[in-house]
Amino acid sequence: MKTKNIMIVGVGGQGSLLASKLLGRLFLSEGFDVKVSEVHGMSQRGGSVVTYVRYGEKVYSPVIDKGEADFIVSFEILEAARWLPYLKKDGVIVTNTQTIDPMPVITGAMNYPSDLENKLKNSGVKVDALECLQLAREAGSEKAVNIVLLGRLSHYFDLPEEAWMNAMEQVVPARFLEMNKKAFLLGKAQA
Amino acid sequence: MGNENRRLLLGNAAVARGLYEAGVCFISSYPGTPSTEITEEAAKFDEIYCEWAPNEKVAMEAAFGACLAGKRAFCGQKHVGLNVAADPLYTMSYTGVNAGLVVGVADDAGMHSSQNEQDSRHHAIAAKVPMLEPADSAEALAFTKLAFELSEKFDTPVLLKMCTRVAHSQSIVEEQERIVPVKEYTKDIAKYVMMPGNAKKRHPFVEERTRALVEYAETAPVNRVEMGGTKIGIVTCSTSYQYVKEVFGDQVSVLKIGMTNPLPEKLIRDFVAQVEQLVVIEELDPIIEDHIKAMGIPVHGKDILPMIDEFSQNLIAEKLFDAGLVPDGFELPEQGTGLEEAIPPRPPVMCAGCPHRGLFYTLKKNGCTVLGDIGCYTLGAVAPLSSIEMTLCMGASIGAVHGFNKATNGESSSKTVAVIGDSTFMHSGMTGLANVAYNQSDSTVIILDNSITGMTGHQQNPTTGYNIKGDPAGKIDLEALCRAMGFERVRVVDPYDLAACDKVLKEELAVKAPSVIISRRPCALLKYVKHNPPLKVDTAKCIGCKSCMRIGCPAISMKPQADGKMKAVVDQTLCVGCGVCSQLCPVGAFSSPITDGGSSKKGDA
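Computed from a prediction, not measured in an experiment: that's the story for all the values here.

Quick notes on the rules
Residues numbered from 1 in each chain as written. Chains lettered and ligands numbered in written order. Predicted model: local features only at pLDDT ≥ 70, side-chain atom pairs only at ≥ 80, totals over all residues. Heavy atoms only, no water. Salt bridge = Lys/Arg side-chain N within 4 Å of Asp/Glu carboxyl O. Helix = DSSP H or I, 4+ residues; strand = E, 2+ residues; numbered from the N terminus. Buried < 20%, exposed > 50% of the residue type's maximum accessible area, 1.4 Å probe, protein only. Pairing = 2+ DSSP bridges. Axes fitted to C-alpha atoms, helices over the stretch in contact; angles between N-to-C directions. Parallel < 35°, antiparallel > 145°, perpendicular 65-115°, else oblique. Contact = heavy atoms within 4.5 Å. Nonpolar A, V, L, I, M, F, W, Y, C, P; charged D, E, K, R; others polar.

Student: Looking at this structure, I do not really get the pattern of salt bridges. What am I missing?
Tutor: When the charged atoms of two side chains with opposite charge come close together, those side chains can pair. All names here are of chain A. For the structure shown, the criterion picks out 47 salt bridges over all chains. With a closest N to O distance of 2.8 Å, aspartate 70 and lysine 88 form a salt bridge. With a gap of 18 residues between them, aspartate 70 in strand S4 (residues 69-74) and lysine 88 in strand S5 (residues 87-96) connect regions that are remote in the sequence. The closest approach of N and O atoms between aspartate 128 and arginine 152, which form a salt bridge, is 2.6 Å. Highlighted residues: aspartate 128 in strand S6 (residues 126-130) and arginine 152 in helix H6 (residues 145-153), separated in sequence by 24 residues. The exposure classification of aspartate 128 matches that of arginine 152, with both residues buried.

Student: What is the right way to read the sheet that holds S5(A) from this model?
Tutor: Strand pairing in a sheet relies on backbone hydrogen bonds. The paired strands run either parallel or antiparallel. Reading across from one edge, S6(A)-S5(A)-S4(A)-S1(A)-S3(A)-S2(A)-S8(B)-S1(B) is the order of the eight strands in this open sheet, with mixed pairing throughout. Strands with a single pairing partner mark the edges of an open sheet, and in this sheet they are S6 of chain A together with strand S1 (6-10) of chain B. Direction aside, neighbouring strands of the sheet carry axes that sit 20° apart on average. As defined by bridge partners, strand S2 (residues 33-37) of chain A adjoins strand S3 (residues 48-56) of chain A across five bridges and the pair is classed as antiparallel.

Student: It is not clear to me how the packing of helix H5 (residues 132-139) of chain A against H6(A) should be interpreted in this structure. Could you clarify?
Tutor: When two helices pack together, their arrangement is given by the angle between the helix axes and the distance between those axes. Residues and elements named next belong to chain A. At a closest axis distance of 8 Å, the pairing of H5 and H6 adopts a crossing angle of 110°. Between H5 and H6, the crossing angle belongs to the class labelled roughly perpendicular. Along its contact with H5, which presents Cys132, Leu133, Leu135 and Ala136, the element H6 presents Val145, Val148 and Leu149. Of the residues assigned to the contact of H5 with H6, the class counts are seven nonpolar, no polar and no charged.

Student: What is the right way to look at the sheet that holds strand S12 (residues 259-261) of chain B in this model?
Tutor: All names here are of chain B. An order of S3-S2-S4-S5-S7-S6-S12 is seen for the seven strands of this open sheet, with the pairing classed as mixed. Edge positions in the sheet fall to strand S3 (49-52) and S12, since each of these pairs with one other strand and no more. Pairing between strand S4 (residues 73-78) and strand S5 (residues 101-107): six bridges, direction parallel. Note that in S5 the partner of glycine 76 across the bridge is glycine 104. Sheet strands touched by helix H1 (residues 11-21): strand S2 (26-29), S4 and strand S7 (158-163). Its angle to S7, the strand with the most contacts, is close to 155°.

Student: How should I be thinking about unusual backbone geometry in this particular structure?
Tutor: In terms of backbone geometry, most residues other than glycine have negative phi values and most peptide bonds are trans. Residues and elements named next belong to chain B. At the junction of threonine 33 and proline 34, the peptide bond is cis and its omega measures out at 5° in the coordinates. Structurally, proline 34 can be placed in the loop between S2 and helix H2 (36-42). The residue after alanine 383, namely proline 384, is reached through a cis peptide bond having omega 5°. In this structure, glutamine 440 takes a positive phi of about 50° despite not being glycine. Overall, the relative accessible area of 45% leaves glutamine 440 in the partly exposed class. At lysine 546, a residue that is not glycine, the phi angle is positive and equals roughly 65°. For lysine 546, the location among the structural elements is in the loop between strand S20 (536-537) and strand S21 (556-560).

So this is what it looks like as structure tokens:
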């Protein structure tokens, strides 16, 4: 099997690390070789962050390069646009519709691009956009945006729901488990 | 599958596991990205004593003391940290060890979170100590254990070199049992007292040890040949090995170097003899390449590959393709394309509610020349605060402000300050402060005390009162320390209180005497910090003057309203209600659910 590539992109502090850990545990328990590459330190402070998840028979590089990603899971839609060159031509973007202004927009030096969802769709890739913040609030916490996205991502994998839930149990503290399961199902129910 | 011991571990956590399995009893480190998690993960094993030392030099010396006492010991740091610890390391090379001693160092090619991109392999060569370089988590675990065996067998400290991609990538490892070898301490003045007479006798030992290590390297399993196509032979190490295999698989032959110092010359010559063209693929400096060139062997390396930044699979594919150094029939992978639209960059910023923000705003407002230091607050150099004008290394702010003010005969002292965090001050600010106190410049030093080591992800330090496990520990009193050094003027302000900050800063800049201002408020991300509810903007009151935008808070932006006018809007998911913005608003447009004015300040200045 050819190595599959999932990029998780967002803004530092949004919880992309937990999402990548969950995916890593999921593919490990399915018997694959797995590599997950994280970002720590200064880049985490509200900057653009990217995490790579790769799985297959034998995975060498821990990073995903331009044109290699099968999926981009995006916590903020500008970040989906930023990392678009990393997506394969027939790749899929699963994105939160939420917008967070970066500092050049806040200071007025640049504008936040308009209508990104359609622009991404017009570029020829499949775009699956959902209002994760709203769904996460419904589940009980704004912090569950990451799990809502994974719920939606689960559509594209031929894995039983139980496998996802088992992986979740390995990375989410017990007291937040119910809320996160709800968030996962809310994300999954969006089609 | 089916193996209970098979786990997905971060490279740094795999080193920690290796330390556990190798029977390490003592770890002293200073946090620094990308090395921090080694010590944090090791601290989760009750069997290992772990501590954060004030700096890397102290950590290295503590680890040496522990190995002298007979327990396997480890000291971890980032690449620039090893500069601080280089002094003990270079002489520990002479003394050798008692129980095994391994020094972890993590390089940061690409400078994800560093001030330079230096290559730590130079330290291994200069200190004449062996260096192992793992390429994934499984190797990180295995090499850590091997490092202790080599340390004891060859009587030397061993460097274990990580890089960002190995340190911060998770891959699969298999875990084993812990075995604890212990040695007796015996007095040996000739070995451990490095005064000239003894050191002169130890230096020949060091040279002989290197010869023995080269011999070991020739057949060491960590240096391995993977024969494939013979048109191209690649010598590589660390994460570059993974990119090479990703691109070429078995189409090329590979000599993977796991021990980058000293290098196995015979093994290299044997490899060269089997391939038509030789390429060295290594990040940063041409260490292996220069060595092979010095052996008189023609080789490609930095003539086609960059000396800067980290590598990736596409970079290696393109550079070797362009140079014609690829197997027959090799095609470049397809690249993706982006939108034509300009995508605004998203650089890191100070968090919403960051206590540093108010202080930097005050410094900018007063037109100060700000000499900075290493930490989250280095972001005070970024627009719109654009306040910090110099950042060099840990502690340099205080050393430099003294020199700056002395050089201008004190003319600059009424507007020049040093800013340094609490952890950085403990690391190497104290000696700089001693210089200000001793040689008397009218310098103003501002200690940004956010009660934690912030940038590296919240490590305790000697001013916080807690140790690495979160248990109560000694607590150094910053005010008392500064006074004991001879500073008569030590002031404390709350950086959320802009008026108090402005008043104290003006007073201390005006006075003709050395002074310290402690800007004190815990990091807004600390779990115990209670936040106020987010603020709201009354759009009827807001006049769109952008005064609140001058602090560069990521939670505030200007958005067009129904009438088309631009008004300030607070992001309710980001705002922590610190109230600094509301102190800048000329019309009182910000409101908080708890107070009318919205300000949550609790000035204690």
